[in-house]
Amino acid sequence: MFTPAVAQSVRKEPSGDVFVDKKGVLRWQWGKQEVALFGVNYTTPFAHAYRAHQRLGVDHEQAIRQDVYHLSRLGIDAFRVHVWDVEITDTIGNLQENEHLKLLDFLVNELKQRGIKIILTPIAYWNNGYPEQDSGTGFSSIYSKTQAYTNPRAIAAQERYLTQFLNHRNPYTKQLNREDPDIIAYEVCNEPRYGRSEAPITAFADRMAAAIRATGCRKPVFYNVSENPDVYEAVLNAKVDGLTYQWYPQGLVSGHTLQGNFLPYVDQYPIPYRQDPRFTTRAKMVYEFESADIIQPIMYPFMARSFREAGFQWATQFAYDPLAMAATNTEYQTHYLNLAYTPAKAISLLIAGQVFRAVKRGQSFGRYPQDSVFGNFRVSYRQQLSELNSPEEFYYTASTTTAPKQPAKLQRLAGVGSSSVVNYGGTGAYFLDKLAPGVWRLEVMPDAVPIRDPFEKASPSKPVTQILWNEQPLRVSLNDLGPGFSIKGLNAGNTAQAQATEARTTVRPGVYLLAAAGKSTAAFTGQSAYRHIRLGEFVVPAPTALGPQVRHTPPAQAVAGQPLRIAATLTGLAPGDSVFLVAQHYYGRTRTLPMSTTTYATVAATVPAELLYPGELRYWLVLRKGGQSLTFPGGFGGEPRDWDYAHAEHFAVPIVAAGTPLPLFRAHLDQERIEARGISPTAWTDYVTMPSGTLALRLVQGPPRNGQSPAPGPAATLRAYFGDRLASRQSDMAGFTAVVVRARSSQPGAQAKVTLMTRDAVAYSASLPLSTDLQDIRIPLSAFQPDALLLVPRPYPSFLPLQYESGSRVPLKLAEAEVLQVMWEATAVAGSPTSVDIESVFLQ
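So, a few notes on the structure that sits alongside this text. Every chain is numbered on its own, with residues counted from 1 as its sequence reads. For this predicted model, a pLDDT threshold of at least 70 governs which residues receive local features, and a threshold of 80 or more governs which side-chain atom pairs are given and counted, while totals over whole chains, interfaces and linings are taken from all residues. Values shown for side chains rest on all heavy atoms present in the structure; no hydrogens or waters enter the calculation.

### As for the overall build of the protein chain
For step 1, the next point in the chain: Helix and strand counts for the protein chain stand at twelve helices and 52 strands.
For step 2, the next point in the chain: Radius of gyration: over C-alpha atoms. The globule rule applied is 2.2 Å multiplied by the number of residues raised to the 0.38 power. Here the C-alpha radius of gyration of the protein chain, 28 Å, is about what a compact globule of 844 residues would show, namely 28 Å.
For step 3, the next point in the chain: C-alpha extents for the protein chain along the principal axes are approximately 80 × 80 × 50 Å.
For step 4, the next point in the chain: Burial statistics for the protein chain: of 844 residues in total, 59% are counted as buried.
For step 5, the next point in the chain: In this analysis, two residues are considered to be in contact whenever any of their non-hydrogen atoms come within 4.5 Å of each other. The contacts in the protein chain between residues at least 6 apart in sequence include a share of 71% that link residues at least 24 apart. The secondary structure listing takes helices from DSSP runs of H or I that are at least 4 residues long and strands from runs of E that are at least 2 residues long, numbered from the N terminus. The buried label applies to any residue whose accessible area, calculated with a 1.4 Å probe on protein chains only, is under 20% of its type's maximum; exposed applies above 50%, and partly exposed to all values in between.

### Considerations on the sheet that holds strand 51 (residues 817–825)
For step 1, the next point in the chain: Reading across the sheet, the six strands line up as 40-43-51-45-46-48 and stay open at both edges, with antiparallel pairing between neighbours. Whereas interior strands pair on both sides, the edge strands pair on one side only; in this sheet they are strand 40 (674–678) and strand 48 (785–787). Adjacent strand axes in the sheet meet at a mean angle of 25°, parallel and antiparallel pairs treated alike.
For step 2, the next point in the chain: Pairing of strand 45 (residues 752–758) with strand 46 (residues 763–767), which is carried by five bridges, proceeds in the antiparallel orientation. When the bridges of strand 46 are listed, threonine 755 appears paired with serine 765. Two strands make a pair as long as DSSP finds a minimum of two bridges between them. To define axes, lines are fitted to C-alpha atoms, for helices over the stretch in contact only, and angles between the resulting N-to-C directions are given on a 0 to 180 degree scale.

### A word on the nonpolar core
For step 1, the next point in the chain: If you look at the biggest cluster of nonpolar residues, it comprises 150 residues, and the most contacted ones within it are Phe165, Tyr245 and Phe307.
For step 2, the next point in the chain: Counting residues per element, this core draws most heavily on helix 11 (residues 343–358), which supplies nine residues.
For step 3, the next point in the chain: Grouped together as the second largest cluster of nonpolar side chains are 43 residues, Ala676, Ala720, Val741 and Leu814 included. Remark: nonpolar core denotes a set of buried residues (Ala, Val, Leu, Ile, Met, Phe, Trp, Tyr, Cys) joined through side-chain atoms within 4.5 Å.

### Quick word on helix 1 (residues 47–56)
For step 1, the next point in the chain: With seven of its ten residues buried, helix 1 lies for the most part within the structure.
For step 2, the next point in the chain: Turning to helix 1, its buried residues are Ala47, His48, Ala49, Tyr50, Arg51, Ala52 and His53.
For step 3, the next point in the chain: If you follow the buried residues of helix 1, they end up packed against helix 2 (60–73), helix 3 (85–88) and helix 4 (99–113).
For step 4, the next point in the chain: In the stretch just after helix 1, glycine 57 is the one whose phi turns positive, near 70°.

### Let's talk about the pattern of salt bridges
For step 1, the next point in the chain: What counts as a salt bridge is simple: a side-chain nitrogen of Lys or Arg found within 4 Å of a carboxyl oxygen of Asp or Glu. What the rule picks out here adds up to 48 salt bridges.
For step 2, the next point in the chain: Glutamate 233 is paired through a salt bridge with arginine 278; the nearest N and O atoms lie 2.8 Å apart. Here glutamate 233, found in helix 8 (residues 232–236), pairs with arginine 278, found in helix 9 (residues 277–280); they are 45 residues apart in sequence, far enough to count as distant.
For step 3, the next point in the chain: Under the relative-accessibility criterion, glutamate 233 is labelled partly exposed at 32%.
For step 4, the next point in the chain: Across the pair aspartate 577 and lysine 625 runs a salt bridge whose closest N-O atoms are separated by 2.5 Å. Remark: lysine 625 occurs in strand 35 (residues 615–625) and aspartate 577 occurs in the loop between strand 30 (564–570) and strand 31 (578–585); sequence separation between them is 48 residues.
For step 5, the next point in the chain: The exposure class of aspartate 577 is buried, given its relative accessible area of 19%.

### Some thoughts on the state of the cysteines
For step 1, the next point in the chain: In this description, a disulfide is simply a cysteine sulfur pair whose atoms lie within 2.5 Å. As enumerated under the stated definition, the model contains zero disulfides in all.
For step 2, the next point in the chain: Between cysteine 189, a cysteine without a disulfide, and cysteine 217, which holds the nearest cysteine sulfur, the sulfur-to-sulfur distance is 16 Å.
For step 3, the next point in the chain: Taking the relative accessible area as the measure of exposure, cysteine 217 reaches 1% and is therefore buried.

### A few points about the sheet that holds strand 22 (residues 486–489)
For step 1, the next point in the chain: Pairing within the open sheet is mixed, and its ten strands lie in the order 11-12-13-14-15-17-18-25-22-23. Edge strands, defined here as strands with exactly one partner in the open sheet, are strand 11 (373–374) and strand 23 (497–499).
For step 2, the next point in the chain: As paired strands, strand 11 and strand 12 (residues 377–380) are joined by two bridges and run antiparallel to one another. From the neighbouring strand, phenylalanine 374 faces strand 12, where its bridge partner is phenylalanine 377.

Structure, rendered in structure tokens:
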């Protein structure tokens, strides 16, 4: 077992217990400094993650050890998990000494060795099945969330369990849970569910907090308040030290990757009762947060900054994907984060942690987009770039033209893509750490290539990211290294040794010592310690055994008479291989065109205008390896022009005349790429068949339930990203003059509007006059005026803002638009539900 010594560039961190002062500030006992800790949830000891490792034949302890190493590389200093009590208790709350508890103990010990602080939530209330069948047998298997705080037997079981859990002695640390200085606090329970009566809620929270304190535990006790915002006062009245919140700013489980600019969704976290003394005198933690269904590496830094503005001192993302199962993203379909498999998003988490520690509690930088640059940080939606640029650190999530502020003072660099310091040809993350003048540690992760939408329905048999080990070109431009630095492999089995020429070399995944000419590296071995790691540590997945893969979505349209550039992701391309695009006008001419590699795993070719006359263009990608050919889609042997190639699969794009309408939404084709949600409590969405046989999206409002008052504001919405479709019509975009909506309402006088949102999240809206007859409603583009943006899918918790005002009054530029919204206003409904049917929306 590794116990790291502390070497150069030590990250100083307080040790020992914490307390909450009279102003609600969480402080370290030693030195009284404010706490600011940022990290993740991680669940390998429990539930689906535990079972998945079993099925894969992966040793749980080894997996935990490897994942915690990656967390350390990402600068994580906070860990939280809701313990699956259902797997470590019996039905009356007795703690069970079993494999799950042992693995939690092991995990705690590993975290401690990496300097990571811990808050545990002993009661999860969940059973252990998701996404499979439940098999837990503890008290949460027989009591529902609503029974948990009202049923005397359930309450007694929880008291018994808390007592035993807090008094449990970790066999690895030899410490009681209640005494471990690195477990700094406890959150009683995870996301309870309450009714309207407040007194039982307060009584339950008090009783659980008392059970923890009765063990002799003097650590702060936190309690969830955001899950039940309607009864928040019941928790504010409880005898607890801190309050816990979560943030899912665009909901959960969309079933596909969300596209568009979501930065306004994470621009602030205003708590409605933030002036209440019962709130201001409590410490605040974010137990879970995530930009669900979003792979963009720009959300976490904004969220971290908003947390600090709101006064939070702890924030933990949910949930970091274990390395062994991250290839398929089966643990939580709507979440996806792993250093090896989502490198840019992982580096954004590293940057977000630095944001959380650098931004002062309560500090504000204004509102989006003015706050896109703050302190040493920059976030850009257009560039898909999060960036930290301080004298000592330079981190980035995509290629950047930014120069380091003070290159001579640089100590640490991490990135994806290239910069003025590192030019790299691969797609994985890399780290550079200065060990001494002229001596650096380089860690290079394998190439990670997305091959499917990671947020679709998941399956262990469906990889979504492919890992490849390649020799990639690298240039490192650091003054103290010079152009002729040496390269020496440092991780186990890495025997590489080379000399850079003009600061250029090639590397495979691994850890290396880079040293300026004449510099000795004898003092640095694989066992040397640096910032909670050994220099020779290296954890990566093996190459994914899939063979070549293609990911490609055809353009929505091609314009007749205009050349068409087609690009695709292609993996498995080796030196000497060649790639071709076989393009065929339907029943017309066929051309075989060579494809070029633009960046690693991306190939492209331009179809000449002579093939692009009105009709349909069919095409295939052909990879030739030696004497063998593979054709995509499908990865079939042979080529489409072979006489015996019998596979019907092909890519296709319609070729339209200039001025042809462009579809923004078609109900019969776009169900899997749009977000349609009810917003008011009695609204929902569905699909129906129209009299013509075509499909329409139906927005529905039902009558109030149980005497509810009708909720004002939006009832239901359609959101559709169309930026990729508009890009295919750049050549004739000036000809579009109107949005045409084919729709109807079940009642006359329905209030609705159409909104177009730009890449800078500026919204422009126009009224949508609906009638009871299905008709094409033409709205001139000139009718669209600046408006508030509706934040849908709806942010959670539900008290967060539902609208964003950009403040811009610049007229709409269609070329900047990329998101369509159709919003239906709530109305008084009595009797049968009312509805709006939307068949299509076109640009005309």
